[in-house]
Each structure stands twice: as C-alpha cells, then as structure tokens.
Amino acid sequence: MARAKVRSDEELLELTERVVARGGGNLLLGGDVARASRYVSYGGMPGIACLGTRYLPRLRRRIGDRSLERILVDAPARLLARAWRGDHGS
C-alpha cells in the first residue's frame, strides 16, 4: 500500500475490493516500508502510517466495517493461531 510508484491507491483499493467481494477472507495487508527512509519520523513518505491513515479509511468506505474487521482482525488471528499450533499447511 505504501509504494505509490508501483500501483496507485485507487488501483489497490479496487483490487482489494474485488478480492473481498469474491470471498477473500484470508487477505492480509501490509506495505513495503522496511527502510528508515520510509518512516515519517525520518522524513519519509508515505511511511508506515500510510496504511492506517490513508488507505484503511478509504477501504472502509468501500467495503464496510465488518469486511475490514475480517481483514484486520480475523485473518491475522487465524494465521497466528495456525503458527502457534505449528500448522503451517501444505
């Protein structure tokens, strides 16, 4: 979500909405912001804050609260539960 030069926010919102509409219940979101130069505190933009401040409010308007909760809460909880059990799937 934080790499505007690769895909625009609008394109990512559209793609995310389409995945959700097709039942993408295991969708996880993130951004490629692993360098300090991408952190707002070091003058980088959009930085780690991009997902929460710019992308998620717009996504919520498109897919609704419950769908966003499935992405932000339910899917990560399932993934972490599998990792905790050692169930890595095959």
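It should be noted that the structure appears before, not after, this text.
All of the points below concern the structure found in this document. Numbering of residues begins from 1 in every chain and follows the order in which that chain's sequence is written. Thresholds applied to this predicted model are a pLDDT of at least 70 for local features of residues and 80 or more for the giving and counting of side-chain atom pairs; totals over whole chains, interfaces and linings are not thresholded and use all residues. Note: side-chain values were computed over all heavy atoms of the structure, leaving out hydrogens and water.

**A short note on the overall build of the protein**
Put simply, DSSP H or I for four residues or longer makes a helix, DSSP E for two residues or longer makes a strand, and each gets a number counted from the N terminus. Tallying secondary structure elements over the protein gives three helices and zero strands in all. The linear arrangement of helices and strands in the protein, starting from the amino end, is α-α-α. Burial classification: accessible surface area is computed with a 1.4 Å probe over protein chains only, and a residue below 20% of its type maximum counts as buried, one above 50% as exposed, and the rest as partly exposed. When each of the 90 residues of the protein is scored for burial, the buried share is 26%. Surface accessibility of the protein: about 6200 Å² in total, with carbon and sulfur atoms responsible for 55%. To be clear on the numbers: accessible area is Shrake-Rupley with a 1.4 Å probe, and residue cover counts the displayed protein chains and nothing else.

**Considerations on helix α2 (residues 49-63)**
Here the expected span of a helix is defined as 1.5 Å times the quantity of residues minus one. With 15 residues, α2 should cover 21 Å at 1.5 Å per step; its first-to-last C-alpha distance of 20 Å lies within 8% of that length. Two axes enter the bend calculation: one fitted to the seven residues ending at the residue in question, the other to the seven starting there, and the bend is the angle between them. Along α2, the helix axis deviates most sharply at Y55, where the bend reaches about 45°; the proline P57 sits within four residues downstream. For α2, the set of buried residues is C50, Y55, L56, L59 and I63. The contact criterion used is simple: two residues touch if any of their non-hydrogen atoms lie within 4.5 Å. Packed against the buried residues of α2 are α1 (9-21) and α3 (65-85). Just beyond α2, the residue with positive phi is G64, at close to 90°.

**As for α1**
For α1, built from 13 residues, the straight-helix expectation of 18 Å at 1.5 Å per residue is met to within 8% by its first-to-last C-alpha distance of 18 Å. Against the buried residues of α1 lie α2 and α3. Just beyond α1, the residue with positive phi is G23, at close to 90°.

**Structural notes on the side chain of S67**
Inspection of the secondary structure puts S67 in helix α3. We define a polar contact as two N or O atoms separated by no more than 3.5 Å, with the added condition that, inside protein, one atom must be a possible hydrogen donor and the other a possible acceptor, whereas residues neighbouring each other in sequence contribute only through side-chain atom pairs. In terms of polar contacts, S67 uses its side chain to reach the side chain of R70, at 3.1 Å.

**Description of the pattern of salt bridges**
The rule for a salt bridge is simple: a side-chain nitrogen of Lys or Arg has to be within 4 Å of a carboxyl oxygen of Asp or Glu. Applying the stated criterion across every chain, the model contains nine salt bridges. The partner of D65 in a salt bridge is R60, with the nearest N and O atoms 2.7 Å apart. The exposure class assigned to R60 is partly exposed, which follows from its relative accessible area of 41%. D74 is the partner of R66 in a salt bridge, and the nearest nitrogen-oxygen pair spans 2.8 Å. Three or more residues joined by partner-sharing salt bridges are found here, namely D9, E10, E14, E17, R54, R58 and R62.

**Let's talk about the packing of α1 against α2**
Axis angles are defined between N-to-C directions and span 0 to 180 degrees, where every axis is a line fitted to C-alpha atoms and, for a helix, only to the segment in contact. Relative orientation of the contacting elements α1 and α2 amounts to 45°, with a least axis distance of 10 Å. The orientation of α1 relative to α2 falls into the category oblique. As for the relative orientation of α1 and α2, their crossing is right-handed in sense. From α1, D9, E10, L12, L13, E14, T16, E17 and V20 reach across to α2, where they touch R54, Y55, R58, L59, R62 and I63. Partitioning the contact of α1 with α2 into residue classes produces six nonpolar, one polar and seven charged. Note on angle classes: values under 35 degrees are labelled roughly parallel, values over 145 roughly antiparallel, values of 65 to 115 roughly perpendicular, and the remainder oblique. For any helix crossing, the convention is left-handed if the near helix is rotated counterclockwise from the far helix by under a right angle, and right-handed if that rotation is clockwise. Three categories are distinguished: nonpolar for Ala, Val, Leu, Ile, Met, Phe, Trp, Tyr, Cys and Pro, charged for Asp, Glu, Lys and Arg, and polar for the others, with Gly belonging to the last.

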